[in-house]
Amino acid sequence: MSTDSWAQAVDEQEAAAESIGSLQIKDKPEENGTANAALATTATTTTTTTSTNTAAASATTPAKTGGGEGDKTGEEDDKDDKAAQSLLNKLIRSNLVNTTNQVEVLQRDPNSPLYSVKSFEELRLKPQLLQGVYAMGFNRPSKIQENALPMMLAEPPQNLIAQSQSGTGKTAAFVLAMLSHVDPNNKFPQALCVSPTYELALQTGKVIEQMGKHYSEVKLVYAIRGNKLQRGTQLQEQVVIGTPGTMLDWCLKFKFIDPKKIKVFVLDEADVMIATQGHQDQSIRIQRMLPKQCQMLLFSATFEETVWNFAQRIVPDPNIIKLKREEETLDTIKQYYVLCNSKEEKFMALCNIYGAITIAQAMIFCHTRKTAGWLAGELSREGHQVALLSGEMQVEQRAAVIDRFRDGKEKVLVTTNVCARGIDVEQVSVVINFDLPVDRDGNPDNETYLHRIGRTGRFGKRGLAINMVDSRFSMNVLNKIQDHFNKKIEKLDTDDLDEIEKIAG
Ligand SMILES: Nc1ncnc2c1ncn2[C@@H]1O[C@H](COP(=O)(O)OP(=O)(O)OP(=O)(O)O)[C@@H](O)[C@H]1O
C-alpha cells in the first residue's frame, strides 16, 4: 500500500466511531431497472435539458461518494475513494491539463503508417460534430487526441487502449469517436459506454450532450440505476452511457439493447472500474456479447499491472497509446523543518511563520480529520480565512471548497491527504506538513511527500515547504525523506523572526 493508507484507516476508524451513535439501516439500492423501495423515496432529477437527451433519462439523486463511511469493506472504500477523486477532478477542472511529455504509441500493425493530426479539420468530422467541438471551445486536438482520434476514426475501426492522466482529453476523444460512428438513421443503440459510477456516467453523459449539441438526430440514454424502463422496451437511442450492472441487465436480462448491433464499446476509467470485482466481471460479460468487429476502446488514468491485465481482456488486438505524467520535482522548492513538542506548539510555530512572512495561499496537511478540524478551528480563531476539506464531505461539497480556495476566497486550505490527493491548485506557494506523510506501517511516504510539496514549485515558480516535527519518530521520518530525495531540509527556528523572514526571500 502506498500513499496515505494509514491516514485513511484512521479516518475510517474515526468515521465508524462517529457513526455508531447515528446508525440508520437502509435498504441497499439495487443496481438495475427494477422497482426499488429505497429509490422510490428519493428525489428524482430528470435530465431532459438538451436535444440529445431523452425523456426516459431520469435518475435519482447521486449517492454519497465522499468515502470515509465506516461500514464498508476495504475494497469498496478503495473504489469509492478512487471514484470520488476522479469525480472531484472532473468537477473542479477548468481546462485541459497540458503536458510536455511525448505520447508513446504502440501499433497493432507496425507496418501501417502512423497518423497524427494537428487540427480537427483534418479528421473530416461531420459538420455537426465539428460545430460541437468548436462550441466547446476546442481549437486544436490535445496531445493524446492527436494520435488517438485518427486511430479511433479510421476505417476499418481500430481497437485502442489509452492511458493518460486525468484532464488530458480522453473523454472528449472517445465521445467524438462514438458520435462519429453511429448512424442517426438507425433507431437503435450502436455505441455503449460504461463508467464505474453513477456520477461519473452522468459527467460523461454531459460531455456527449455538449459535443452532440448540433447533432440532434443522435440521441443519448442513461443506463443507470433509477432509470426504469417498461419491460419490452426497445431503445431507439443510438448512444447509451451507464454503469456496468445496469448496462448488463439492459443487454441480457431486459433486452432493451441488442448487443449484436453495437459498433463501438467504450470502457472508461478502467483503473477505477477494476477496484470493484463485480464491475470487472460485468464489463467482461457485456464485452463478450458484442460482435467481433465491434470497436473496443478502453481508457485509464493509470496503468498498473491489474489495469493492464483487465484491459487486455476487454480489448483484443489493441493499439496502445500512453502519455507519461509530468514529473514532479523538488529542485525549485526550499524545504525546512521546525522542531516542536506537541500539536499546540506546532500551531504556535505556524502562527509565528504567518506573523513573519506574507503567505498568499497555503495548503496545510494533517494526518487525521480530527487534527485538521482542530487546526482549522484554531486558525479561524486567529483571524485567518480558512477552508477545510474533510473526509465526511460529499464530493460536490469538496469541489465547492476547492473552487472557493482557487478563487482566493480563503487563503489557507487545511486538509488530510485523502481529500487532497490528485488535486492541482496551482497558485499555492507554501505547503505545510503539519504531520509528515507516512504509510500504514509508519514508514515515510515519499511519493505523497513529493506530490504534496511538488505542487508549490510548478512552472518555474519557487515554492516553500515547511515540515513540522514533534517527536523522535517524526524526526526519523524526516531524515529518511531527506535521504530518499537527497535534498537538504534545513532547520528553521520559528522563535527567531529574522530567521523566518529570510526564508521568504
Ligand atoms: N482539444 C481540446 N482543447 C481544449 N480543451 C479540451 C480539449 N479536449 C478536452 N478539453 C477540455 O479539457 C478538460 C479535460 O478533458 P477530458 O475530460 O476529456 O479529459 P480526461 O483525460 O477524459 O479526464 P478524466 O480522466 O478526468 O476523465 C475538459 O474540460 C475538456 O472540455
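The written sequence of each chain sets the order in which its residues are numbered from 1. For this predicted model, a pLDDT threshold of at least 70 governs which residues receive local features, and a threshold of 80 or more governs which side-chain atom pairs are given and counted, while totals over whole chains, interfaces and linings are taken from all residues. To get the side-chain values, all heavy atoms of the structure are used, and hydrogens and water are removed first.

1. Describing the side chain of Ser283
And then number 1: Tracing the sequence through the fold places Ser283 in helix 10 (residues 277-289).
And then number 2: Residue contacts follow a heavy-atom distance rule, with two residues in contact if any of their heavy atoms lie within 4.5 Å. Beyond its immediate sequence surroundings of up to four residues, Ser283 is in contact with Pro244, Phe265, Leu267, Met273, Phe310 and Ile314. Labels follow the DSSP assignment, with helices taken as runs of H or I lasting at least four residues and strands as runs of E lasting at least two, numbered in each case from the N terminus.

2. Overview of the pattern of salt bridges
And then number 1: Salt bridge, as used here, is a side-chain nitrogen of Lys or Arg placed within 4 Å of a carboxyl oxygen of Asp or Glu. Under the counting rule described, the total for this entry stands at nine salt bridges.
And then number 2: For the salt bridge of Lys346 with Asp470, the shortest nitrogen-to-oxygen distance reads 3.1 Å. Linking Lys346 in helix 12 (residues 343-356) with Asp470 in the loop between strand 16 (463-469) and helix 17 (472-485), this pair joins segments that are 124 residues apart in sequence.
And then number 3: Taking relative accessible area as the criterion, Lys346 reaches 1% and is therefore assigned buried.
And then number 4: The partner of Glu410 in a salt bridge is Arg404, with the nearest N and O atoms 2.8 Å apart.
And then number 5: A simple rule labels every residue: compare its accessible area, found with a 1.4 Å probe on the protein chains alone, to the largest value its type can have, and call it buried under 20%, exposed over 50%, or partly exposed in between. For Glu410, a relative accessible area of 10% gives the class buried.
And then number 6: Here the salt bridges share partners, and the residues they tie into one network are Lys118, Arg140 and Glu146.

3. Regarding the site of the ligand
And then number 1: To be near a molecule or strand, a residue needs just one of its heavy atoms within 4 Å of it. The immediate surroundings of the ligand are formed by 18 residues, with Lys90, Arg140, Ser166, Gly167 and Thr171 found nearest.
And then number 2: Contact between the ligand and Thr171: an oxygen atom at 2.5 Å from a side-chain N or O atom of the residue.
And then number 3: Considered on its own, the ligand offers 630 Å² of accessible surface; in the complex 85% of this is hidden by protein.
And then number 4: The element best represented in the shell around the ligand is helix 6 (residues 170-181), accounting for three residues. Polar contact criterion, stated in full: a pair of N or O atoms within 3.5 Å, where within protein one must be able to donate a hydrogen and the other to accept it, and residues adjacent in sequence count only if both atoms are side-chain atoms. Computed by Shrake-Rupley with a 1.4 Å probe, the accessible areas treat only the displayed protein chains as cover when residues are assessed.

4. Looking at the side chain of Gln295
And then number 1: The topology assignment puts Gln295 in strand 9 (residues 295-300).
And then number 2: Its relative accessible area of 1% is what places Gln295 among the buried residues.
And then number 3: In this structure the side chain of Gln295 is engaged in a polar contact, spanning 2.8 Å, whose partner is the backbone oxygen of Gln158.
And then number 4: Discounting residues that sit within four places of it in the chain, Gln295 has contacts with Met151, Met152, Pro157, Gln158, Asn159, His181, Lys263, Val264 and Phe265.

5. What about the UniProt feature "short sequence motif: Q motif" (unreviewed entry) in the protein?
And then number 1: UniProt positions are given in the numbering used here, feature names are shortened, and annotations may be inferred rather than shown by experiment. Mapped onto this structure's residue numbering, the UniProt feature "short sequence motif: Q motif" (unreviewed entry) falls at residues 118-146.
And then number 2: Each end of residues 118-146 is marked by a C-alpha atom, and these two atoms are 6 Å apart; helix forms 45% of the span and strand 0%.

6. Considering the packing of aromatic side chains
Geometry of an aromatic ring pair is reported as the spacing of the ring centres plus the angle between the planes.
And then number 1: We call Phe, Tyr and Trp rings a pair once their centres come within 6.5 Å, taking the six-membered ring for Trp, and we label the pair stacked below 30 degrees between planes, edge-to-face above 60, and tilted otherwise. Taken as a whole and judged by the stated rule, the model has seven aromatic pairs.
And then number 2: Each ring, one from Phe254 and one from Phe256, has its centre 5.3 Å from the other, and the planes form 10 degrees; the classification is stacked.
And then number 3: Overall, Phe254 belongs to the buried group, its relative accessible area being 10%.
And then number 4: On the accessibility criterion, Phe256 (2% relative accessible area) is buried.
And then number 5: Ring plane angle 50 degrees and centroid distance 6.4 Å describe the contact between Trp374 and Phe434, whose orientation is recorded as tilted. Of this pair, Trp374 sits in helix 13 (residues 369-381) while Phe434 sits in the loop between strand 15 (430-433) and helix 16 (446-454), and the two are 60 residues apart along the sequence.
And then number 6: Look at Trp374 and you get partly exposed, because its relative accessible area is 21%.
And then number 7: Site record: aromatic cluster; members linked through ring pairs are Trp250, Phe254 and Phe256.
And then number 8: Across from the ring centre of Tyr198, 4.3 Å away, lies the NZ or CZ of Arg225, which sits over that ring. Comment: the charge-over-ring label is applied if NZ (Lys) or CZ (Arg) is within 6 Å of the ring centre and within 35 degrees of the ring normal.

7. Description of the sheet that holds strand 13 (residues 386-389)
And then number 1: With parallel pairing, seven strands are arranged side by side in an open sheet as 13-14-12-15-16-11-17. Each edge of the open sheet is held by one strand with a lone partner, namely strand 13 and strand 17 (490-491).
And then number 2: Any two strands between which DSSP finds at least two bridges are classified as paired. Sheet analysis places strand 11 (residues 333-339) next to strand 17, joined by two bridges and oriented parallel. What sits directly across from Tyr336, in strand 17, is Glu490.
And then number 3: Between the N-to-C directions of two axes lies an angle of 0 to 180 degrees, each axis being a line fitted to C-alpha atoms and, for a helix, fitted only over the stretch in contact. On top of the sheet, helix 12 reaches strand 11, strand 12 (362-366), strand 14 (412-416), strand 15 and strand 16; it is set at about 155 degrees to strand 16, its chief contact.
And then number 4: Sitting on the sheet, helix 17 touches strand 11 and strand 16, and the angle it makes with strand 16 is about 145 degrees.

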